[in-house]
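# Structural characterization, general
Listed below, chain by chain, are the residues.
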Amino acid sequence: MIGTSEKEKAAATIAVAASAFTYGSVPIFLRFFRDYLDAWTVNAVRYTIAALILLPFVLVLRKKGDGNLLRDRKTRENRTSAGKDSRRLFSGNIWLAALVPSVINIVGQVLWALSPYYEVEAATMTFITKSSFLFTVLFGFLLIPSERLLAKRPTFLIGAIVCIGGVMIMFLQKMLTEGGS
């Protein structure tokens, strides 16, 4: 990281470690609790814990500003016309703007958490989680015009190909085994 302080490097390292731990451990916990709890209880516990972890951040951000998606005039002026049009739909209300993605996330998380009850292995669940970045990128390109600039950068394309290839290689044996998910 060029031009970053030690504090920023430490924060980034902690964020990556926390991400690896949470993404790697959840399929194992879901698989373990399958024998003791029903899927709805497990999901209720997961979402309650996530809400409690995120609540302080929401409260701090709410205190800092009025909840607008775009706070300063310069940022507003630099947006493309397509970006401005999509933001007018929600009138700057961050809670309303979060409604559709939240519903999509809840449906996806419920279906994902149900998978251990249908004999899906933890490795397959992890593969699905890791491959979801592809859909995030594709929908980002579709819905956020400024993100499309990434598609023209060779380094982004190479990174995406390496990432997809790595995930495929990592889980190929598991996906090809007899009787695999």
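Here the structure is a predicted model, which means the values were calculated and not measured. (Residues numbered from 1 in each chain as written. Predicted model: local features only at pLDDT ≥ 70, side-chain atom pairs only at ≥ 80, totals over all residues. Heavy atoms only, no water.)

### Describing the overall build of the protein
Selection rule: For helices the rule is a DSSP run of H or I covering at least 4 residues; for strands it is a run of E covering at least 2, with both sets numbered from the N terminus onward. Throughout, a contact is declared for two residues whenever any of their heavy atoms are within 4.5 Å.
When its secondary structure is counted, the protein shows 8 helices and 0 strands. The order of helices and strands in the protein, counted from the N terminus, is α-α-α-α-α-α-α-α. Taking contacts inside the protein between residues at least 6 apart in sequence as the whole, the part at least 24 apart equals 64%.

### Some remarks on the packing of helix α2 (residues 39-64) against helix α6 (residues 99-114)
Cut-off, in case you're wondering: To obtain an axis, a line is fitted to C-alpha atoms, over the contacting stretch when the element is a helix, and the angle between two such axes runs from 0 to 180 degrees between their N-to-C directions. Just so you know how the angles are binned, under 35 degrees is roughly parallel, over 145 roughly antiparallel, 65 to 115 roughly perpendicular, and the rest oblique. Each crossing gets its hand from how the near helix is turned against the far one by less than a right angle, where anticlockwise is left-handed and clockwise is right-handed. Polar here means any residue outside two lists: the nonpolar Ala, Val, Leu, Ile, Met, Phe, Trp, Tyr, Cys and Pro, and the charged Asp, Glu, Lys and Arg; Gly therefore counts as polar.
Axis separation between α2 and α6 bottoms out at 10 Å; the angle between their running directions is 130°. As the angle between them shows, α2 and α6 are arranged oblique. For the element pair α2 and α6, the recorded crossing hand is right-handed. Residues A39, W40, N43, R46 and Y47 of α2 touch α6, and the partners they reach there are N105, I106, Q109, V110, W112, A113 and L114. Residue composition of the contact of α2 with α6, by class: 8 nonpolar, 3 polar and 1 charged.

### Points about helix α7 (residues 122-143)
One turn of an α-helix holds 3.6 residues; hence residues three or four places apart share an orientation. Quick reminder of the rule: Expected helix span is given by 1.5 Å per residue-to-residue step, counting one fewer step than there are residues. Exposure classes here rest on a 1.4 Å probe applied to the protein chains alone. A residue is buried below 20% of its type maximum, exposed above 50%, and partly exposed in between.
For α7, built from 22 residues, the straight-helix expectation of 32 Å at 1.5 Å per residue is met to within 8% by its first-to-last C-alpha distance of 31 Å. Listed in full, the buried residues belonging to α7 are A122, T124, M125, T126, F127, T129, S131, G140 and F141.

### Some thoughts on the nonpolar core
In a soluble, globular protein the nonpolar side chains are often hidden away together inside. So the rule is basically this: By convention a nonpolar core is built from buried Ala, Val, Leu, Ile, Met, Phe, Trp, Tyr and Cys residues, the set being connected through side-chain atoms within 4.5 Å.
In terms of nonpolar packing, the biggest core is built from 6 residues, these being L30, V42, W112, A113, V120 and M125. Beyond its immediate chain neighbours, meaning those up to four positions away, M125 contacts P27, L30, W112, S115, P116 and V120.

### Thoughts on the packing of aromatic side chains
Spelled out, the test is: Only Phe, Tyr and Trp rings take part, Trp by its six-membered ring, and two of them pair if their centres are within 6.5 Å. Stacked means planes under 30 degrees apart, edge-to-face means over 60, and tilted covers everything else.
Counted by the stated rule, this structure contains 3 aromatic pairs. Consider the rings of F32 and F33, whose centres lie 5.2 Å apart with planes at 75°: the pair is edge-to-face. For F32, a relative accessible area of 46% puts it in the partly exposed group. Since its relative accessible area comes to 31%, F33 is described here as partly exposed.

### Digging into the pattern of salt bridges
The test is simple: When a carboxyl oxygen of Asp or Glu is within 4 Å of a side-chain nitrogen of Lys or Arg, the pair counts as a salt bridge.
Following the criterion strictly, the structure yields 2 salt bridges and no others. A salt bridge links K9 to E6; its shortest N-O distance comes to 3.9 Å. One end of the pair is K9 and the other is E6, both in helix α1 (residues 6-33) and 3 residues apart, which spans about a single turn. According to the relative accessible area criterion, K9 is partly exposed, its value standing at 32%. The class of E6 is exposed, set by a relative accessible area of 61%. Of the charged contacts, one joins D35 and R34 as a salt bridge, the two residues approaching to 3.5 Å between their closest N and O atoms. Among the residues examined, D35 registers a relative accessible area of 57% and is labelled exposed.

### Describing the confidence of the model for the protein
The following threshold applies: For every residue, the predictor states its confidence as a pLDDT score lying anywhere from 0 to 100.
For the protein, the average pLDDT comes to 75, and 79% of its residues sit at 70 or higher. Within the protein, the element-level pLDDT minimum falls on helix α4 (residues 81-88), averaging 48, and the maximum on α2, averaging 83.

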